[in-house]
Amino acid sequence: MFNPRVSALLRQQCGAISAVQAAAVGVSRHQLEYLVRTGAWRRAFPRVYVAADVRESARTALWAAYLYASSKALVSHSSARVLWRLLDEERRLPEVRIPANRNLRSSGVVVHRTARFGQIPARTVDGLRVTAPEQTLLDAAATIADPDELAWMIEQLRARRLVTVESIERSVLRSGTVGRAGAAQLRAVVASLDPVAAESALEVKVARVLRRSGLPMPERQVPVVVGGEQYRLDFAWTWRRVALECDGRRFHSDPEVFRRDRERWSGIAATLGYRMLFATRFDATEQPASIVTRVADALAA
């Protein structure tokens, strides 16, 4: 059956469609029964279908779960993190948040009920209503044990100008922190952030090592110009001409990228007189004291 309105809706929703939507775009009950009977559409949830000729993906499953939950629902938790590009879009059970007085049960979706559904800030991403970035962080903080992982999520959102330190703090206050899982950790992580957002997960870890070290705190993302090209130093003690770069590609980068990095750092050292230090992921996670020692020696030299 060719119906351009149906085709457009299926494309928009990654192959998923509800019975209510199908009726709205001209699919009769008998036509719907025929599509299911012939295998053109399969039933994903009660009154929600997926077209058989669509290459199914994790987003298809999310759309189907969202349509099953109906308009009184928000994509939330890990599914919200996927939509905000904080998690890879892997096959995992879709997660939605619904009002506490709604009954929604299925093995194909994780349901979170809340009495304060109407107070939860939401946005629309790719046609799906989803918890706002600040709320998504608050939900994540309840399950993430590693503060560096939470900090990196925040930094990604800050870099894309989706949140600020102030907007996160306001969200935590509005949510009511008494007994709220994750609120204390989120508040603590936000309080530890620098005014300038980190540009990598490794930079988050190194910044935390430096804050705990007792060393003088460096400037972040310091602009420098070498050979007419502008670069930024991850951490710099400009008063001692010492710089620390987060080198996450040292052992597995493309050789050409590795060569250009070394040329850039050599130019900064030779032209501007900086002593260049490097921190790898292994350094930050397995031997953080080595970073502190090298920085301390360089500052004292």
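Our structure is the block above this text.
Residues numbered from 1 in each chain as written. Predicted model: local features only at pLDDT ≥ 70, side-chain atom pairs only at ≥ 80, totals over all residues. Heavy atoms only, no water.

Participant: Whenever I open this one, the overall build of the chain confuses me. Can you help?
Facilitator: Secondary structure summary: the chain contains 13 helices and 12 strands in total. The globule rule puts the C-alpha radius of gyration for 301 residues at 19 Å, and the 25 Å found for the chain is more than 25% above it. Considering only contacts within the chain whose residues lie at least 6 apart along the sequence, 55% involve residues at least 24 apart. Accessible surface for the chain amounts to roughly 15,500 Å². Of this, 52% is attributable to carbon and sulfur atoms. Charge-centre separation for the chain: the mean point of 45 positive side chains lies 9 Å from the mean point of 31 negative side chains. (Helix = DSSP H or I, 4+ residues; strand = E, 2+ residues; numbered from the N terminus. Rg over C-alpha atoms; globule rule 2.2 N^0.38 Å. Contact = heavy atoms within 4.5 Å. Areas by Shrake-Rupley, 256 points an atom, 1.4 Å probe, with all protein chains shown as cover. Lys, Arg positive; Asp, Glu negative; His and termini not counted. Charge placed at Lys NZ, Arg CZ, Asp CG, Glu CD.)

Participant: How do you make sense of the sheet that holds strand β12 (residues 275-279) when you look at a structure like this?
Facilitator: To summarise the sheet geometry, strands pair through backbone hydrogen bonds and adopt either a parallel or an antiparallel arrangement. An order of β9-β10-β11-β12 is seen for the four strands of this open sheet, with the pairing classed as mixed. Strand pairing shows two members of the sheet lacking a second neighbour, β9 (219-226) and β12, which therefore form its edges. Averaged over all pairs of adjacent strands, the angle between their axes in this sheet comes to 45°, without regard to strand direction. Sheet analysis places strand β10 (residues 229-237) next to strand β11 (residues 242-246), joined by three bridges and oriented antiparallel. Paired with Trp237 across the two strands is Val242, which belongs to β11. Packed onto the sheet, helix α10 (residues 201-213) meets β9, β10, β11 and β12 and runs at close to 35° relative to β10. Relative to the sheet, helix α13 (residues 288-300) contacts β10, β11 and β12, its axis offset from that of β12 by approximately 175°. (Pairing = 2+ DSSP bridges. Axes fitted to C-alpha atoms, helices over the stretch in contact; angles between N-to-C directions.)

Participant: Looking at this model, I keep getting lost on the packing of helix α7 (residues 147-159) against α10. Mind explaining?
Facilitator: Axes are the key here: two packed helices are described by the angle between their axes and the distance separating the axes. For the pair α7 and α10, the least separation of the axes is 9 Å and the interaxial angle reads 125°. Between α7 and α10, the angle is such that the two are oblique. The chirality of how α7 crosses α10 is right-handed. Taking contact as the criterion, the partners of Pro147, Asp148, Ala151, Trp152 and Glu155 in α7 are, on α10, Ala201, Val204, Lys205 and Arg208. A per-class count over the contact of α7 with α10 returns five nonpolar, no polar and four charged. (Parallel < 35°, antiparallel > 145°, perpendicular 65-115°, else oblique. Left-handed = near helix turned anticlockwise from the far one by under 90°. Nonpolar A, V, L, I, M, F, W, Y, C, P; charged D, E, K, R; others polar.)

Participant: In this structure, what is going on with the pattern of salt bridges? I would like to understand it.
Facilitator: If the charged atoms of two oppositely charged side chains come close together, the side chains can form a pair. Tallying each qualifying case throughout the model produces 14 salt bridges. The partner of Arg42 in a salt bridge is Glu56, and the shortest N-O contact between them spans 2.8 Å. Of the two residues, Arg42 is situated in strand β2 (residues 41-45) and Glu56 in the loop between β3 (48-51) and α4 (58-69); the sequence distance between them amounts to 14 residues. Glu56 gets classed as partly exposed once you look at its relative accessible area, which sits at 33%. Among the ionic contacts, a cluster of salt bridges with common partners joins Asp146, Asp148, Lys205 and Arg208. (Salt bridge = Lys/Arg side-chain N within 4 Å of Asp/Glu carboxyl O. Buried < 20%, exposed > 50% of the residue type's maximum accessible area, 1.4 Å probe, protein only.)

Participant: Explain the sheet that holds β2 to me, please; I cannot follow it from the model alone.
Facilitator: Taken in spatial order, the three strands line up as β1-β3-β2 in an open sheet, and their pairing is antiparallel. Only two strands of the sheet have a single partner each, and these edge strands are β1 (16-18) and β2. For this sheet, the mean angle separating the axes of adjacent strands, direction not counted, is 35°.

Participant: It is not clear to me how the packing of aromatic side chains should be interpreted in this structure. Could you clarify?
Facilitator: What describes a pair of aromatic rings is the distance from one ring centre to the other and the angle between the planes of the rings. Overall, the coordinates contain three aromatic pairs when judged by the stated rule. With a centroid separation of 5.8 Å and an interplanar angle of 85°, the aromatic rings of Trp63 and Tyr66 are classed as edge-to-face. Of the two residues, Trp63 and Tyr66 are both situated in helix α4; the distance of three residues between them amounts to about one turn of the helix. The class for Tyr66 is buried, based on a relative accessible area of 10%. (Phe/Tyr/Trp six-rings, centres within 6.5 Å; stacked < 30°, edge-to-face > 60°.)

Participant: Which parts of the structure should I look at to understand the environment of Arg102?
Facilitator: Tracing the backbone through its elements, the reader meets Arg102 in the loop between β5 (95-99) and β6 (110-114). With 11 residues separating them in the primary sequence, Arg102 and Arg113 have C-alpha atoms 7.9 Å apart. The residues touching Arg102, leaving out its near neighbours within four places in the chain, are Ala69, Ser70, Lys72 and Arg113. Here the side chain of Arg102 touches Ala69 through a polar contact of 2.6 Å, landing on its backbone oxygen. (Polar contact = N/O pair within 3.5 Å; in protein donor to acceptor, adjacent residues only side chain to side chain.)

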